[in-house]
Amino acid sequence: MTSQPNAQIPDGCAFVIFGVTGDLTHRLVIPALYNLAESNLLPEKFCVVGITRKEMSSEDLRASLMHGLRKFATRPVNEDIADKLLYCVTAVSADPSDPSSFDRLRERLEKLEANRNTGGNRLFYLATPPDAFAPISTELGRSGLLKEDGGAWRRLVVEKPFGTDLASAKALNEHLLSIVSEHSLYRIDHYLGKETVQNILVLRFSNGMFEPIWNREHIDHIQITVDEKLGVAHRGSFYDKTGALRDMVPNHLFQLLSLVAMEPPSHFNAHSVRSAKAEVLAAIQQQSEEEALRNSVRGQYTAGKVGDTEIGDYRSVQDVDLASNTETYAALKLTIDNWRWAGVPFYLRTGKALGAKRTEVAIKFKQAPFAMFRCTPIEELSQNYLVIGIEPVEGIALQFNTKIPGPSIAIDGVEMTFRYKDYFKVAPSNGYETLLHDCMIGDNILFQRADGVEAGWEAVQPFLDAWEKAGAEGLQSYPAGSNGPEDADALLARDGRNWREPS
Ligand SMILES: NC(=O)C1=CN([C@@H]2O[C@H](COP(=O)(O)OP(=O)(O)OC[C@H]3O[C@@H](n4cnc5c(N)ncnc54)[C@H](OP(=O)(O)O)[C@@H]3O)[C@@H](O)[C@H]2O)C=CC1
Ligand SMILES: O=C1O[C@H](COP(=O)(O)O)[C@@H](O)[C@H](O)[C@H]1O
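Worth saying up front: this structure is predicted, and the values here are computed from it rather than measured.

1. Section: the UniProt feature "domain: Glucose-6-phosphate dehydrogenase NAD-binding" (unreviewed entry) in the protein chain
Alright, step 1. On the UniProt side, "domain: Glucose-6-phosphate dehydrogenase NAD-binding" (unreviewed entry) is annotated at positions that read residues 16-199 here.
Alright, step 2. Structurally, residues 16-199 comprises 46% helix and 15% strand, and the distance from its first C-alpha atom to its last is 30 Å.

Below, the structure written as structure tokens:
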């Protein structure tokens, strides 16, 4: 068993949550704070200020958060630790449509800070629907709540989605950066909280053996798969405006792509790592709308069965348009215009209501140049994949060919695997604790920077535009519980390739 060296305990601070009555706060933020508290990674001088537009007592808020914690905690809840954490919570009413409420919030916060001796450091977490990001940040700026004071820091944490297209992402960046500096802005992508995602950097850059073969000389293509079993459930009103591409690709799938494809950063710090990631995203070849249509597949699920669970047609989900053309599945073929990746396709796919949950990056190496072993035709040899399993399989697998024991030469494909659970015994997390801890210690290496966000939207914009114009034309359907639309296979088959089957 390997343990983490001592992690830094953050400075005292006020952790101010806008949207404290919402799902994210209950499901992920408070359970993550609880895990930090349990690991002794919260400062002693700490308070949580929960902002709601309603009138609510701190007692009621604490009870609601406790209920959420019991439901969503990733570890058994220790009552003493939970009570101590919730004792730090105060409910405060503020509504961005009422500027005076932010002035009252400032006064209230100053008193709480003095009481808890937090040193004036403030973290504002926008756990609200995205259309509230701009109004809340405007008020935080106007009321002086974000103004740096003496040595105390101010940080603003923004949830996803960051914009709905290139223009809106640029406008949001411009707005937020007129209020806080890039250094104090933390754009969350929960994929970067996953151990398996962070490990891509360590795998690539702490081992000498991968870098020499991590290029177009040796890699045939790369597949990024984020398949989900869940349908859209109760999120119809959000999802029908969003779709699979916006919901997953410029953020989560591009985090995976950029970590796999980036150049080695010169330092392990936020500036170097985020610059290298933004650079590779900016190198994704811009496609014309015609190319975008040719290099993409979109689908929408119809009724079916995922395991034992019946899932209804997407168009029957509450708040979804009966004639909706919103895709619940997207597959893209992208290329990266730089020397490392010229000619190496990146195939990306993600969808809802599929037969299995699988998040992975599969790096397919080129085949041996000729079939020395006449026993097996080269096309029947197992393909050489390095598979980075993100979820639910957390680990790394290498697929290669080996000799079947016996007097003659016969070949079979085998897999060498590393699984986190076999090596590391760590307390279960929800991924948010790493991100929240990093916000509090002021490390933005795992947060998106403006240029990276915009480069991501720039790469997907032609697909959004082309699909919008095409409407229903080209939208495939697939039954819930299947592997997605058949055309997704055709996207690779026309290049003589296929999606990796799980081993
Ligand atoms: N839920 C999840 O699992 C995840 C959510 N996210 C993101 O987190 C954010 C919050 O999501 P979620 O908690 O599900 O959202 P909710 O719809 O539950 O909203 C959160 C809270 O925001 C407050 N709110 C709503 N509108 C406004 C407004 N105009 N101004 C100020 N406050 C407002 C409401 O609180 P009140 O009425 O008390 O003021 C509401 O309870 C979203 O950006 C979402 O995309 C990201 C990953 C996962
Ligand atoms: O942000 C989102 O991510 C989830 C998938 O996250 P994962 O950690 O389970 O892979 C997705 O279901 C949701 O639609 C999207 O908004």
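2. Some words on the nonpolar core
Alright, step 1. Core analysis: the biggest nonpolar cluster contains 149 residues, and Phe15, Phe18, Leu33, Phe46, Tyr125, Leu140 and Phe346 have the highest contact counts within it.
Alright, step 2. If one sorts the elements of this core by residue count, helix 8 (residues 236-261) sits on top with twelve residues.
Alright, step 3. With residues up to four places along the chain from it excluded, the contact list for leucine 33 reads Phe15, Leu42, Phe46, Val48, Leu85, Leu436 and Met440.

3. Things to note about helix 7 (residues 195-205)
Alright, step 1. Thr196, Val197, Asn199, Ile200, Leu201, Leu203 and Arg204 are the residues of helix 7 that are buried.
Alright, step 2. Where helix 7 is buried, its residues touch helix 8, helix 9 (270-282), strand 14 (385-391), strand 15 (395-403) and helix 11 (420-423).

4. Describing the site of ligand 1
Alright, step 1. Taken together, 21 residues surround ligand 1, and among them Thr21, Asp23, Leu24, Thr52 and Lys160 come closest.
Alright, step 2. Here threonine 21 contributes a side-chain N or O atom positioned 2.6 Å from an oxygen atom of ligand 1.
Alright, step 3. A distance of 2.8 Å is found between an oxygen atom of ligand 1 and a backbone nitrogen or oxygen belonging to arginine 53.
Alright, step 4. For the shell around ligand 1, the elements supplying multiple residues, two or more each, are helix 1 (23-38) and helix 5 (133-142).
Alright, step 5. By residue number, the principal contributor to the shell around ligand 1 is helix 1, which donates three residues.

5. Some words on the environment of threonine 196
Alright, step 1. In this structure, threonine 196 sits in helix 7.
Alright, step 2. For the pair threonine 196 and glutamate 391, spaced 195 residues apart in sequence, the C-alpha to C-alpha distance is 8.1 Å.
Alright, step 3. Sequence-distant contacts of threonine 196, that is, excluding residues within four places in its chain, are made with Ile388, Gly389, Ile390, Glu394, Gly395 and Tyr420.
Alright, step 4. Within the local environment of threonine 196, its side chain forms a polar contact with the backbone oxygen of isoleucine 390, the two atoms lying 3.3 Å apart.

6. A look at the site of ligand 2
Alright, step 1. Inspection of the region around ligand 2 gives Lys160, His190, Tyr191, Lys194, Glu228, Arg235, Asp247, Met248, His252, Lys352, Lys357 and Glu391 as its neighbouring residues.
Alright, step 2. With respect to ligand 2, the side chain of histidine 190 contributes an N or O atom lying 2.8 Å from an oxygen atom.
Alright, step 3. A distance of 2.8 Å separates an oxygen atom of ligand 2 from a polar atom in the side chain of arginine 235.
Alright, step 4. Among the residues making up the shell around ligand 2, the classes are represented as two nonpolar, two polar and eight charged.

7. Side note on the pairing of strand 14
Alright, step 1. Across the seven residues that make up strand 14, a large majority, six, are buried.
Alright, step 2. For strand 13 (residues 358-365) and strand 14, the ladder comprises six bridges, and the chain directions are antiparallel. Within strand 14, the position partnered with lysine 364 by the bridge is tyrosine 385.
Alright, step 3. Pairing between strand 14 and strand 15: four bridges, direction antiparallel. Bridge pairing links valine 387 to alanine 397 in strand 15.

8. Here's the deal with the UniProt feature "binding site: NADP(+)" (unreviewed entry) in the protein chain
Alright, step 1. Following the UniProt record, the feature "binding site: NADP(+)" (unreviewed entry) maps to Arg53 and Lys160 here.
Alright, step 2. Take arginine 53: it is sitting in the loop between strand 2 (46-52) and helix 2 (58-72).
Alright, step 3. Residue arginine 53 is classed as exposed on the basis of its relative accessible area of 66%.
Alright, step 4. Beyond its immediate stretch of four places on either side in the chain, arginine 53 contacts Ala94 and Asp95.
Alright, step 5. With respect to the helices and strands, the residue lysine 160 is situated in the loop between strand 5 (154-158) and helix 6 (166-177).
Alright, step 6. The residues contacting lysine 160, other than those within four sequence positions of it, are Phe133, Ile188, Asp247, Asn251 and His252.

9. Notes on the confidence of the model for the protein chain
Alright, step 1. Per-residue confidence for the protein chain gives a mean pLDDT of 95; residues scoring 70 or more make up 99%.
Alright, step 2. The ipTM, which scores confidence in the relative placement of chains, is 0.98 for this predicted complex, and the corresponding pTM is 0.95.

10. Describing the sheet that holds strand 3 (residues 89-93)
Each strand in a sheet pairs with its neighbour through backbone hydrogen bonds, running either in the same direction (parallel) or in the opposite one (antiparallel).
Alright, step 1. Taken in spatial order, the six strands make up an open sheet running 3-2-1-4-5-6, and their pairing is parallel. Looking at which strands have only one partner, the edges of the open sheet turn out to be strand 3 and strand 6 (185-187). Strand-to-strand twist in this sheet, taken as the mean axis angle between neighbours without regard to direction, amounts to 20 degrees.
Alright, step 2. In this structure, strand 5 lies alongside strand 6, joined through three bridges in parallel fashion. The residue bridging valine 157 from the neighbouring strand is tyrosine 186, located in strand 6.
Alright, step 3. Sheet strands touched by helix 5: strand 1 (13-18), strand 4 (122-126) and strand 5. Its angle to strand 4, the strand with the most contacts, is close to 160 degrees.

11. What about the packing of helix 7 against helix 8?
Alright, step 1. At a closest axis distance of 9 Å, the pairing of helix 7 and helix 8 adopts a crossing angle of 10 degrees. Classified by the interaxial angle, the pair formed by helix 7 and helix 8 is roughly parallel. Residues Val197, Ile200, Leu201 and Arg204 of helix 7 lie in contact with helix 8, whose contacting residues are Leu256, Leu259, Val260 and Ala261.
Alright, step 2. A per-class count over the contact of helix 7 with helix 8 returns seven nonpolar, no polar and one charged.

12. Topic: the side chain of aspartate 220
Alright, step 1. Mapped onto the elements of the fold, aspartate 220 is located in strand 7 (residues 219-227).
Alright, step 2. Given a relative accessible area of 18%, aspartate 220 falls into the buried group.
Alright, step 3. Side chain to side chain, aspartate 220 and histidine 221 meet in a polar contact 2.7 Å long.
Alright, step 4. Excluding residues that lie within four positions of it along the chain, aspartate 220 makes contacts with Val344, Pro345, Lys364, Phe365, Lys366 and Arg497.

13. What about unusual backbone geometry?
Alright, step 1. With omega at 0 degrees, the peptide bond leading from lysine 160 into proline 161 counts as cis.
Alright, step 2. Locating proline 161 in the fold gives a position in the loop between strand 5 and helix 6.
Alright, step 3. Here glutamate 391 and proline 392 are connected by a cis peptide whose omega angle stands at -10 degrees.
Alright, step 4. For proline 392, the position within the fold is in the loop between strand 14 and strand 15.
Alright, step 5. In this structure, asparagine 117 is a non-glycine residue whose phi angle is positive, near 55 degrees.
Alright, step 6. Mapped onto the elements, asparagine 117 comes out in the loop between helix 4 (99-116) and strand 4.
Alright, step 7. Using a relative accessible area of 45% as the deciding quantity, one classes asparagine 117 as partly exposed.
Alright, step 8. One non-glycine residue, alanine 353, adopts positive backbone phi at about 55 degrees.

Rules used throughout
- Residues numbered from 1 in each chain as written.
- Chains lettered and ligands numbered in written order.
- Predicted model: local features only at pLDDT ≥ 70, side-chain atom pairs only at ≥ 80, totals over all residues.
- Heavy atoms only, no water.
- UniProt positions renumbered as here; feature names shortened; annotations may be inferred.
- Helix = DSSP H or I, 4+ residues; strand = E, 2+ residues; numbered from the N terminus.
- Core = buried A, V, L, I, M, F, W, Y, C linked by side-chain atoms within 4.5 Å.
- Buried < 20%, exposed > 50% of the residue type's maximum accessible area, 1.4 Å probe, protein only.
- Contact = heavy atoms within 4.5 Å.
- Near = heavy atom within 4 Å.
- Polar contact = N/O pair within 3.5 Å; in protein donor to acceptor, adjacent residues only side chain to side chain.
- Nonpolar A, V, L, I, M, F, W, Y, C, P; charged D, E, K, R; others polar.
- Pairing = 2+ DSSP bridges.
- pLDDT = per-residue confidence, 0-100.
- Axes fitted to C-alpha atoms, helices over the stretch in contact; angles between N-to-C directions.
- Parallel < 35°, antiparallel > 145°, perpendicular 65-115°, else oblique.

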